[in-house]
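Residue-level structure breakdown
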Amino acid sequence: MTKRIAVLPGDGIGPEIVAEAVKVLEALRDFGFNFETEQAAIGGAGYDAAGDPLPEASLKLAKHADAVLLGAVGGPHYDKLPRDLRPERGLLRIRKELNLFANLRPALLYPELAAASSLKPEVVAGLDIMIVRELTGDIYFGQPRGIETRPGLNGQRERVGFNTMLYSESEVRRVAHVAFGIAMKRRGQLCSVEKANVLECSELWKEIVIEVSKEYPDVALSHMYVDNAAMQLVRAPKQFDVIVTGNIFGDILSDEASMLTGSIGMLPSASLDESNKGMYEPIHGSAPDIAGQGIANPLATILSVVMMMRYTLNETVLADRIDTAVQKVLAQGYRTGDIYTEGTNRVGTAAMGDAVVAALRG
Ligand code: NAD
């Protein structure tokens, strides 16, 4: 069956890195992968084309596709637009519209890049963590929220800011199922991160995760408070296999974990809905400082295609093939500027894409 992939390149380096990922997709035709792509604008490009960071046509395309591949959005010349028209708003809206509640962020360190981490090589060598972050609930969306004038500390009226940390049982249950499912396909360990010693919301989170765990007897479930998890991630990160956590804790921990690998140009992500349909994108932004120069690292976007094959299109063999090809080009010494070290072969965006395609075919 022909798979439909919506391609949303976005802004800055977005179109450059997405072009390389599409090259890799094209090479998969040799292995019998049947697909069609259609491109649409998002972010600043959406604003330029249709006055909207998520044009109606782009949303429609994404909704009807089997999977979405996104580059990155944003740029300094859009920063003065009203908040609703800014590129980042298009991204938040598409995640919400597609109901992408489970955000998967791997932190994987390729042995060849161990020196790029800020931690000692022996602490991070072989690191392979998957963080599953709930993406559409929690304190970022809970009501009530706002800034109001109320009596303050000394009885005088003053402004008070407030947000609500809120999770329903069903919200926790569905993301827990995603996380257990992923743990089953990996090393079978799941750590649920919360702050149940202080927060009722976390207490419920923990209770529901334990309830869901009964359906996954092969997965070893553990629990950790978020402050300890932040510490353990830099102290002994290899103790983790899969981490599942709420939106705000996951926001912070996934950034921390990604930096363990030292290179923002290498890290993909997936955001999934209830039926595993997903949007796939590198974790980095549109890098306006290097846009148009042909030097951006396309590997995070190519690895996003690996995740797409694995989690939405169920093409595990193809996922492994691309993964192996990426490992091969790293072993061959190909490096874009962001991961370059002396003695390796510095290449640009297109040459890196070509090298992956050659490794795939070779
Ligand atoms: P950024 O991730 O774009 O760049 C941070 C640094 O990393 C820059 O020095 C950049 O050159 C470098 N970098 C990023 N990706 C790279 C790659 N593939 N290869 C080589 N180097 C790379 O973050 P920023 O500078 O804070 O933000 C720039 C714009 O991107 C802003 O408008 C921001 O809002 C937007 N942004 C978008 C997303 C997204 O689309 N998901 C995420 C983060 C930031």
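1. Some remarks on the environment of R335
- When you line up the elements, R335 lands in strand 13 (residues 334-335).
- On a C-alpha basis, the gap between R335 and L113 in space is 9.9 Å, while along the polypeptide they are 222 residues apart.
- Ignoring sequence-local partners within four residues, the contact set of R335 consists of E112, L113, V329, L330, Y340, T344, N345, R346, V347 and M352.
- Within the local environment of R335, its side chain forms a polar contact with the backbone oxygen of L330, the two atoms lying 2.8 Å apart.

2. What to know about the side chain of E16
- Note that E16 resides in helix 1 (residues 14-27).
- Buried charge E16 goes without a salt bridge, the closest partner of opposite sign being K23 at 11 Å.
- Excluding anything up to four places from it in sequence, E16 contacts A291, G292, Q293, G294, I295 and T349.

3. Brief notes about the site of the ligand
- Within the structure, the ligand sits among 20 residues, and E88, G285, A287, D289 and N297 are positioned closest to it.
- Residue V73 places a main-chain N or O atom 2.9 Å away from an oxygen atom belonging to the ligand.
- Considered on its own, the ligand offers 810 Å² of accessible surface; in the complex 67% of this is hidden by protein.
- For the shell around the ligand, the class distribution of residues is nine nonpolar, seven polar and four charged.

4. Some thoughts on the sheet that holds strand 10 (residues 242-245)
- Spatially, 2-1-3-12-11-4-5-10-8-9 is the arrangement adopted by the 10 strands of the open sheet, whose pairing is mixed. Either end of the sheet is taken by a strand with one partner, and the two such strands are strand 2 (35-39) and strand 9 (220-225). For this sheet the average axis-to-axis angle between neighbouring strands, irrespective of direction, equals 20 degrees.
- Note: strand 3 (residues 67-72) against strand 12 (residues 278-282), three bridges, orientation parallel. For A67, the partnering residue across the bridge sits in strand 12 and is G278.
- Strands in contact with helix 6 (residues 169-185) are strand 4 (102-108), strand 5 (128-134), strand 8 (189-194), strand 9 and strand 10; relative to strand 5, the strand with the most contacts, it is inclined by about 165 degrees.

5. Comments concerning the nonpolar core
- Grouped together as the largest cluster of nonpolar side chains are 68 residues, with contacts concentrated most on I5, F33, L104, V132, Y280, M309 and I322.
- Looking at this core, the element that brings in the most residues is helix 10 (residues 299-311), giving nine residues.
- No fewer than three residues from each of domain 1 (1-107 + 278-362) and domain 2 (118-261) sit in this core.
- L119, V124, A229 and F240 belong to the second largest nonpolar core, which has 20 residues in total.

6. Things to note about the domain arrangement of the protein chain
- Looking at the protein chain, the domain boundaries give domain 1 (1-107 + 278-362) and domain 2 (118-261).
- The C-alpha-based centres of domain 1 and domain 2 are spaced at 26 Å.
- Across the boundary between the two partners, domain 1 contributes 14 residues, which contact 20 residues of domain 2.
- When domain 1 packs against domain 2, the two sides together hide about 1600 Å² of surface, and 60% of this comes from carbon and sulfur.
- Area buried by domain 1 at its contact with domain 2 is led by F101, R105 and A107, which between them contribute 45% of it.
- Taking the shortest distance from any N to any O, the salt bridge between D255 and R105 comes out at 2.9 Å.
- The biggest single contributor to the side of domain 1 that touches domain 2 is strand 4, with six residues.
- Class assignment of the residues belonging to the side of domain 1 that touches domain 2 gives a composition of nine nonpolar, two polar and three charged.

About the criteria used
Residues numbered from 1 in each chain as written. Predicted model: local features only at pLDDT ≥ 70, side-chain atom pairs only at ≥ 80, totals over all residues. Heavy atoms only, no water. Helix = DSSP H or I, 4+ residues; strand = E, 2+ residues; numbered from the N terminus. Contact = heavy atoms within 4.5 Å. Polar contact = N/O pair within 3.5 Å; in protein donor to acceptor, adjacent residues only side chain to side chain. Buried < 20%, exposed > 50% of the residue type's maximum accessible area, 1.4 Å probe, protein only. Lys, Arg positive; Asp, Glu negative; His and termini not counted. Salt bridge = Lys/Arg side-chain N within 4 Å of Asp/Glu carboxyl O. Near = heavy atom within 4 Å. Areas by Shrake-Rupley, 256 points an atom, 1.4 Å probe, with all protein chains shown as cover. Nonpolar A, V, L, I, M, F, W, Y, C, P; charged D, E, K, R; others polar. Pairing = 2+ DSSP bridges. Axes fitted to C-alpha atoms, helices over the stretch in contact; angles between N-to-C directions. Core = buried A, V, L, I, M, F, W, Y, C linked by side-chain atoms within 4.5 Å. Domains from an automatic or database assignment. Buried area = accessible area lost by both parts, 1.4 Å probe.

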